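# What the coordinates show
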Amino acid sequence: MPGIIVKPVTTDEVSQIVKLANREKIPIVPRGGGTTYGGTAYSRSPEESSLTICMDLTRMRKMLNINEVNRTVTVEAGITCTELETRLRRRGLYVHTVYGPADSVTVGGVISGVCGGGGGQMFSSAGNNGPYFIGVKAVLPNGDVIETGTRTNAQASMFGRVCHGPDMTGLFIGHMGIFGVTTEVTLQLFDWPSYEGVGGVAYDYENLDDAHKAFTALAAHPARPFSLLGLIGPGPESIMRRIDWTLFYKVHGFSQEEVDQKSKIASEIIAHTAQPKEWDSDFVRILQKRSLLHPHDVSPRKMGMWSYPEPCCPRDGTLGIVKATLELMNGELESWGGRIKSAGSAVWMHGDQDYVSFPLHHKESDPEAREKALDVWKKIIDLALEQGANFLVMDKHIGDMCAARFPPEYHDFLRTIKKSLDPNNIMNPYVLLLSED
Amino acid sequence: MVNNERLNEFREMAYACTRCGYCREKYSDDVPTKTPAFGVCPIWEHNGGFEHHCSRGKLQIAQGILEGRLQYSEELIDVLYTDPDCRLCSWVCNAEPVLDPPKIWQAMRQDIVSAGLGPPKKLKEIDSRVKERHNVFGGKPELRDRWAEGLNLPTEGVVLYFAGCYASYTQPEIARSTVAILREAGIEIAYLAGEEWCCGVVQFHDGSISLAEDVARHNIEMIRASGAKTVVTACAECYKSFKVDYAEIWGETGFEVVHVSEMMSGLISEGKIVFKSSLPESRVTFHDPCRLGRYCGVYDPPRNIIESIPGIELKEMLRHREYAWCCGGGADLVPSMNSELATEIAAGRMAEAKETGAEAIITSCPRCANTLRDAEEGIKVYDLSVAVAQAMGLNV
Ligand SMILES: Cc1cc2nc3c(=O)[nH]c(=O)nc-3n(C[C@H](O)[C@H](O)[C@H](O)COP(=O)(O)OP(=O)(O)OC[C@H]3O[C@@H](n4cnc5c(N)ncnc54)[C@H](O)[C@@H]3O)c2cc1C
């Protein structure tokens, strides 16, 4: 637990606090909505207490500037994704944020806590949000305030990312707060395609190969017509009944014709690739309803605590990782039916990669089930890393597991940058094994 | 030493939170708020926005207590009592029956009281007044039914009016209006006279559960003895005590409990309540009491009534019905722990009411009315019964 909580309102306040903490060598862990999967680390281990500062950014939530000509919006880091999106939507505009619990997730938390800057409602067509972040204002570990992108020319506004040397905005994407505190973020604006349509088909439980073939064919379409493209199916047989594989897509457009056209592309590709068992199953209809009504309401609140191992796979490795993971889960969870539940598995197109999810649920009041779920979660992460996958949502646990596999030269490189920016190691020091010798 | 007996009963619930944080603030398409995000927890919003004041944080506290990592310190007890139990977090979380956060705080408060560590001073004082004088104000028991002077109400009958402490001691116009309306509609009304005791709402929430049960048992016995088959109350807190707490402990009581808004709404449809007059204000708004709305699901009847008053336009506040913002006064918890905070929450609600352009705010809970009036002058606060009696042209 943190010993001190601060809730600054301005960049200047952030800077003053960081300067003081740097002088006194007190660690600071920035915090947005606090929704990152596996939590943060306020000390080296949960048992060790430490005088760490939790810097809660949620009072910094102003929308500072919208420039519809330059297509940019600049916000303070603590604004929630929903607030930003909804305000923009009222003007017919859109930015890439998250699909997840956007009512609590902050823009600063996404850009800092998810490698690539997260994935939003155009998850499949847009891929990582990274390219759509134009620049940041950040407070460095010594308290200095810098701006990246075109603001490296003090006369310029923030309208472009890459100029005048290396892309330093990238340093603050997915950094988990180790390089400083992001206080402002400039994002690229898009017009909101307000027409949407969803559809899907079902493949037999046994027929993952065909389903995956169709999925890959859809994902390969050069125009990337699907804002969301997923293959949703069974979990491990030992704890979940057999269900079909459902190939599900969502399309957006600026007219109904555009939506129909994109949906037609889907039907044609599917018909030419692998005949499904059903074109319009009940499950597709359920997904249609849920997905259309509540795009942000994905928190599994009634299902109990979740552990979601979510590897991001190279497309040519996805099928192997899915099969190996299901097999691993099947064996590991053999006698756990009822105490650990599976909500199936899902493969989501995420740009040119696939984002794969194996949602497991348990009751936190059952410590053994909790331990087991955590153990299986770790084993899946290990398996996926072994097979060449990567992880995007960074937290203390996944971060440490990934860092343990960093080639030594890369880990040294990261530590060198960290050390030169943060010689006193005050900014989120206990992640990515940065403080280990 | 706290034995966590009650909290243990809610163990599964205490661990059911998936930590999405929607109990702090939420966006919903259902609520056309000016800023799309709206506060869910009035304490989180008005008390610095610290995690331990919202349900997600307090559930972590509950887990810490269960696992022995945390003890009930004075500060912790303060946090657990500074909460109106308004249930907006339960509504937004939408995970019932798996999770209904205020049930956990109520269980923890019962454990605190069992261990002799609570309730905090001001609530303890209310408890003493209820124990000794059977009302929250400490008013003389013989004055409890002074509001009924000259009304010649019988103490036996099929329909019984339960006034509650506020209408009995500080807002007698509510009791007199309610009785006048129902009599005008042709209903014979009985009452418990001096045998009516506080409903126990504060004790149900502050953890003094044995006192709550004592007063509840007394009320149930007296009502049964009166021969009543229907109990009507104009107080949202009394209504919730009967409808939720008494029912949870005793199940079938042998009589039905209705809120006066439900009864009046029915009487209007039957043509038994007729408005011969109106209110001086032409534009009003309605404040949903948490214990009438989110605890008991009564939303439409008060609105039907207001809309049927001639010349009155009902303008909804941005946060209404299930999403209504608490007045801050619920069960006297926050006013007892931090009266300034309660007033600040109520002032926020009054500001929201003013934004509608309403000249008056109508509510159907005397405690809400009281808290709102304390927060700000300049906009009239009516109790629903008082407004209806006035619009019927009744002389109370
Ligand atoms: C149910 C669920 C669904 C999700 N779905 C999605 C999804 O669809 N797409 C997606 O991309 N993500 C998703 N996520 C992940 C979530 O978006 C990320 O975990 C995000 O980082 C959370 O933002 P936050 O504001 O809660 O940050 P926090 O959890 O508070 O912080 C995350 C990390 O960033 C650091 N940090 C936070 N703010 C700052 C700042 N201003 N400056 C520097 N460092 C900072 C913190 O120190 C921490 O290391 C989901 C999460 C959940 C729980």
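The preceding data block contains the structure.
Computed from a prediction, not measured in an experiment: that's the story for all the values here.

### Some words on the interface of chain B and chain A
At the junction of the two partners, chain B supplies 30 residues and chain A supplies 33 residues. Our enumeration of links across chain B and chain A arrives at eight residue pairs in polar contact (both at pLDDT 80 or more). With three residues, the top contributor of residues to the side of chain B that touches chain A is strand β1 (residues 25–27) of chain B. The residue inventory of the side of chain B that touches chain A, partitioned by class, reads 13 nonpolar, seven polar and 10 charged.

### Re the site of the ligand
All names here are of chain A. Around the ligand sit 35 residues, and of these P30, G32, G33, T106 and G109 come closest. The contact in question runs from an oxygen atom of the ligand to an N or O atom on the backbone of T36, over 2.9 Å. At a separation of 2.7 Å, an oxygen atom of the ligand approaches a polar backbone atom of G109. Burial of the ligand by the protein chains amounts to 95% of its free accessible area of 970 Å². When contributions to the shell around the ligand are tallied by element, the ones reaching two or more residues are β2 (28–31), α3 (107–113) and β9 (181–188). Top contributing element to the shell around the ligand by residue count: α3, with five residues. Grouping the amino acids of the shell around the ligand by side-chain chemistry returns 15 nonpolar, 19 polar and one charged.

### Topic: the packing of aromatic side chains
All names here are of chain B. Counting across every chain of the model gives 17 aromatic pairs over all chains. Three or more aromatic residues link up through ring pairs in this structure, and these residues are F162, F204, F242, Y246, W250 and F255. The positively charged end of R87 is found above the aromatic ring belonging to Y295, 5.3 Å away from the centroid. Here the guanidinium or amino end of K240 rests over the ring plane of Y295, the centre of that ring lying 5.0 Å away.

### Here we look at the sheet that holds strand β16 (residues 340–342) of chain A
All names here are of chain A. One open sheet accounts for three strands, arranged β14-β19-β16; its pairing is antiparallel. Strand pairing shows two members of the sheet lacking a second neighbour, β14 (305–307) and β16, which therefore form its edges. Averaged over all pairs of adjacent strands, the angle between their axes in this sheet comes to 30 degrees, without regard to strand direction. Judged from the three bridges that link them, β14 and strand β19 (residues 360–362) form a sheet pairing that is antiparallel. Along β19, the bridge assignment pairs M305 with H362. Packed on one face of the sheet, helix α9 (residues 367–386) meets β14, β16 and β19 and runs near 165 degrees to β19.

About the thresholds
Residues numbered from 1 in each chain as written. Chains lettered and ligands numbered in written order. Predicted model: local features only at pLDDT ≥ 70, side-chain atom pairs only at ≥ 80, totals over all residues. Heavy atoms only, no water. Contact = heavy atoms within 4.5 Å. Polar contact = N/O pair within 3.5 Å; in protein donor to acceptor, adjacent residues only side chain to side chain. Helix = DSSP H or I, 4+ residues; strand = E, 2+ residues; numbered from the N terminus. Nonpolar A, V, L, I, M, F, W, Y, C, P; charged D, E, K, R; others polar. Near = heavy atom within 4 Å. Areas by Shrake-Rupley, 256 points an atom, 1.4 Å probe, with all protein chains shown as cover. Phe/Tyr/Trp six-rings, centres within 6.5 Å; stacked < 30°, edge-to-face > 60°. Lys NZ or Arg CZ within 6 Å of the ring centre and 35° of its normal. Pairing = 2+ DSSP bridges. Axes fitted to C-alpha atoms, helices over the stretch in contact; angles between N-to-C directions.

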